[in-house]
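# Results of the structural survey
Next come the chains, spelled out residue by residue.
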Amino acid sequence: MDLIPAPVAVEGLAPDGFLLDRSTTLYAAPGTETTERWLRSMVGPALGLQLLPGDERAKNSVALHIDDALEPEAYKLGVVRSQGIEIRGGSAAGVFWGAQTLRQLLGPDAFRRAPVHSDKKWVIPFTEIEDSPRFPWRGMMLDVARHFLPKDDVLRYLDLLAAHKLNVFHFHLTDDQGWRIEITRYPRLTEVGSWRSRTKHGHRASELWDETPHGGYYTQDDIREIVAYAAERHIRVVPEIDIPGHSQAAIAAYPELGNTDVIDTTTLSVWDTWGINANVLAPTDNTLRFFEGVLEEVLDLFPAATSPFIHIGGDECRKDQWKESPAAQARIEEFGLANEDELQSWVIRHFDTWLTARGRRLIGWDEILEGGLPAGAAVSSWRGYGGGIAAAEAGHDVVMCPEQHVYLDHRQDGGADEPMPIGFVRTLEDVYRFEPVPPGLSEEAARHILGTQANVWTEVMQNRARVDYQVFPRLAAFAEVAWSPLPASAERDFTDFERRMTTHYARLDALGVDYRPPSGPLPRQQRPGVLGRPLEGPPPNV
Ligand code: ACM
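Below is a short write-up of the structure.

Basis of the calculations
- Residues numbered from 1 in each chain as written.
- Predicted model: local features only at pLDDT ≥ 70, side-chain atom pairs only at ≥ 80, totals over all residues.
- Heavy atoms only, no water.
- Helix = DSSP H or I, 4+ residues; strand = E, 2+ residues; numbered from the N terminus.
- Rg over C-alpha atoms; globule rule 2.2 N^0.38 Å.
- Buried < 20%, exposed > 50% of the residue type's maximum accessible area, 1.4 Å probe, protein only.
- 1 Å grid on protein atoms, 1.4 Å probe; cavity = no way out; pocket = protein on both sides within 12 Å on 5 of 7 lines; lining within 4 Å.
- Points joined across faces, edges and corners; volume = space filled by probe spheres on them.
- Nonpolar A, V, L, I, M, F, W, Y, C, P; charged D, E, K, R; others polar.
- Expected span 1.5 Å × (residues − 1).
- Bend = angle between axes of the 7 residues up to and from the residue.
- Contact = heavy atoms within 4.5 Å.
- Polar contact = N/O pair within 3.5 Å; in protein donor to acceptor, adjacent residues only side chain to side chain.
- Disulfide = S-S within 2.5 Å.
- Pairing = 2+ DSSP bridges.
- Axes fitted to C-alpha atoms, helices over the stretch in contact; angles between N-to-C directions.
- Core = buried A, V, L, I, M, F, W, Y, C linked by side-chain atoms within 4.5 Å.
- Parallel < 35°, antiparallel > 145°, perpendicular 65-115°, else oblique.

### Things to note about the overall build of the protein chain
In terms of helices and strands, the protein chain carries 17 helices and 25 strands. Rg of the C-alpha trace for the protein chain: 24 Å, near the compact-globule value of 24 Å for 542 residues, within the 12% margin. Principal axes of the C-alpha set define a box for the protein chain whose edges measure 80 × 50 × 45 Å. The 542 residues of the protein chain split such that 61% are buried.

### Observations concerning the layout of surface pockets
Reported here for the largest pocket is a volume of approximately 690 Å³. Forming the boundary of the largest pocket are 27 residues, of which R204, E316, E403, D409 and E459 lie nearest the centre. When residues of the lining of the largest pocket are traced back to their parent elements, those giving at least two are α12 (403-406) and β23 (422-423). Each residue belonging to the lining of the largest pocket can be placed in one class, and the counts come to 11 nonpolar, seven polar and nine charged. There is about 390 Å³ of room inside the second largest pocket. Along its surface, the second largest pocket is lined by 19 residues, and M42, F111, R113, D159 and L511 are the ones closest to its centre.

### Observations regarding helix α17 (residues 494-511)
Here α17 spans 24 Å end to end across 18 residues, near enough to the 26 Å set by a 1.5 Å rise per residue. The sharpest bend along α17 comes to roughly 35°, located at T502. Residues F494, F497, R500, M501, T503, H504, Y505, R507, L508 and A510 constitute the buried set of α17. Lining the buried residues of α17 we find α2 (92-106), α13 (428-432) and α16 (474-483). A side-chain oxygen of the first residue of α17 lies 3.2 Å from the backbone nitrogen of T495; this N-cap is D493.

### Considering the state of the cysteines
Enumeration according to the criterion identifies zero disulfides in this entry. The closest cysteine sulfur to the non-disulfide-bonded C401 is located on C317, 19 Å from its own sulfur.

### A closer look at the sheet that holds strand β18 (residues 236-243)
Strands sit in the order β10-β11-β18-β19-β20-β21-β22-β24 around a closed barrel of eight strands; the barrel is parallel. Taken pair by pair, the neighbouring strands of this sheet meet at an average axis angle of 25°, ignoring direction. Pairing of strand β19 (residues 309-313) with strand β20 (residues 361-365) involves three bridges; the strand directions are parallel. Of the residues in β20, the one forming a bridge with F309 is R361. The sheet contacts of helix α7 (residues 285-301) involve β18 and β19, and relative to β18 the element is tilted by about 170°.

### Considerations on helix α15 (residues 464-471)
Summarising burial for α15: six of the eight residues are buried, a large majority. Along α15, the residues that are buried comprise R466, V467, D468, Y469, Q470 and V471. As for α15, its buried residues are in contact with β10 (137-143), α3 (151-163), β24 (449-456) and α16. Measuring from the backbone nitrogen of A465 back to the side-chain oxygen at the start of α15 gives 3.2 Å, which picks out N463 as the cap.

### Some words on the nonpolar core
Formed by 145 residues in total, the largest nonpolar core has its most connected members in L20, F171 and F291. In this view, L20 contacts L47, L49, L51, V62, I85, L106, W122 and I124; residues no more than four positions away in its chain are not counted. Among the nonpolar cores identified, the runner-up in size contains eight residues, and F309, A378, V399 and L450 belong to it.

### Thoughts on unusual backbone geometry
Following I4, the chain continues into P5 via a peptide bond in cis, with omega recorded as -5°. Considering the arrangement of structural elements, one finds P5 in the segment before β1 (9-11). Backbone torsion omega between I243 and P244 reads -10°, so that peptide bond is classified as cis. Relative to the assigned elements, P244 resides in the loop between β18 and α6 (248-253). Here the phi dihedral of L51 falls at roughly 50°; this positive angle occurs in a residue that is not glycine. Among the secondary structure elements, L51 is positioned in the loop between α1 (33-47) and β4 (52-53). A positive phi is found at K165, a non-glycine position, where the angle reads about 60°. On the secondary structure map, K165 appears in the loop between α3 and β11 (168-172). Residue classification places K165 among the buried positions, given a relative accessible area of 1%.

### What about the packing of helix α9 (residues 326-334) against helix α10 (residues 340-357)?
As a packed pair, α9 and α10 sit with axes 10 Å apart at the nearest point and diverge in direction by 80°. As the angle between them shows, α9 and α10 are arranged roughly perpendicular. On the side of α9, the interface is formed by A328, Q329, R331 and I332, while α10 contributes E340, L343 and W346. Here the contact of α9 with α10 is built from residues that sort into four nonpolar, one polar and two charged.

### Let's talk about the pairing of β24
Judged by how many residues are buried, β24 sits mostly within the fold: eight of eight residues are covered. By the bridge criterion, six bridges tie β10 to β24 in an arrangement that is parallel. Bridged to M140 within β24 is A454. Here three bridges tie strand β22 (residues 398-400) to β24, and the two strands are oriented parallel to one another.

### Focus on the side chain of R233
Here R233 lies in the loop between α5 (220-232) and β18. On the basis of relative accessibility, which here comes to 6%, the residue R233 falls in the buried class. Side chain to side chain, R233 and D159 meet in a polar contact 2.6 Å long. Polar side-chain contacts of R233 include one of 3.1 Å to the backbone oxygen of Y229.

### Considering empty space enclosed by the protein
Evaluation of the coordinates by the stated rule reveals three cavities of 30 Å³ or more. The volume enclosed by the largest cavity comes to roughly 60 Å³. Considering the residues around the largest cavity, the lining is formed by I243, P244, L281, A282, P283, T287, L288, F291, W322, V347 and F351. Secondary-structure elements contributing two or more residues to the lining of the largest cavity are α7 and α10. The element best represented in the lining of the largest cavity is α7, accounting for three residues. The class makeup of the residues in the lining of the largest cavity is 10 nonpolar, one polar and no charged.

Here it is in structure tokens:
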């Protein structure tokens, strides 16, 4: 069956099976409508079957049920002789993950958008599968600021996450190089902040420029559509508005947000190259009010039910300008802070209080630990395990996403053909062997590891094809890390995973994913002559 991610338990696999045909019906018990709609709209067309509404007791049917005895995201999938297929889930989400397994059981052609063989027999082996996720947070972060991905590509990624039973989409919407979300009260954020006139091609040390103006943004209706599309697939969206660093696009749009007593911020434009930028927000009341206004609209667009967490970045905020700024120094004095790091912490605390008062939880990159973190805030541990360990030991919830392991912008092979090679070599096997819970963590602290996410930074991913290449096949390995139980030996069986991948590549082909083939990049996937920044040796185990 070659399921990916591997389920917890499979029983009674028989050589023969159940045949889905034109008379197979679909029964959806109350509460399972998302899966009913998904099966009819996404799987039915591939099979060439309508899956007409059927009776609960029909013999030749797919039946969907909620089963309160199961954990919310758990499911049982039974394919039985007398009945057909039954999926029971602990909640609507569990049923949906069961349906993802069902599509895999149908074979790679079930991942297409239309049937390719009119006489194809859709047979599923008689079996019983019991399954549930290891972690409640199974995510992918997509950076649409460095390179904008049109809305359709974002929706497609939500489908790809769902196909891998991933349930968190961390949406990196703002950065120095672009502001991607319409904020109606501040129109210049997108009028000015979503466009740049040219772009560094390759790593920042590259001498190449792409002189094509680049940019774009999601209207508020686009955002609502993305959020609704994700919710229909049981994916939570974590919007990220990155402050107080990574903000040059916002400052280019509204120069008063920057440190105007240090530099002439009216000369700034949306950044056209990569790196850690000295142009950061001024820690003034005006800036705080401005971002409260931004977040008011963000909270409106991302409802609490599906976006309990709001990400406020907090990473890589250079303090050069705050050191020189009389206004920033006056703030440090006013609040009795020790230094600029504490000033950053003060800004983060401000928004933690603000979000908490509105029923949301703040999450930020692990730099937000510096200077102390308010009780309910959570941490994305990216600079290694260290921040996550410290946060979990202090009782904060943690998402493990160390750059040394699950940054999918890092190159996936050491070969010379790897396009724009960045960072450490992180092969499919390396990602497969990534363990989100570091050894030695106390049981109590381990409970704070909500899960893990793979991060996709797009400085050298100019379009969907480049994103696909970096993300796949490694996201399939990551999905198994996030979903499947760790064997008692604590060693995952990569040989078996690789064997199952031969079927999974066919699924990805059917989905039209432009993955990196095991044999290396296709000629059109190579980028000869475009400078990357490969780091040598194994990544430090931090
Ligand atoms: C990050 O990679 N700067 C979170």
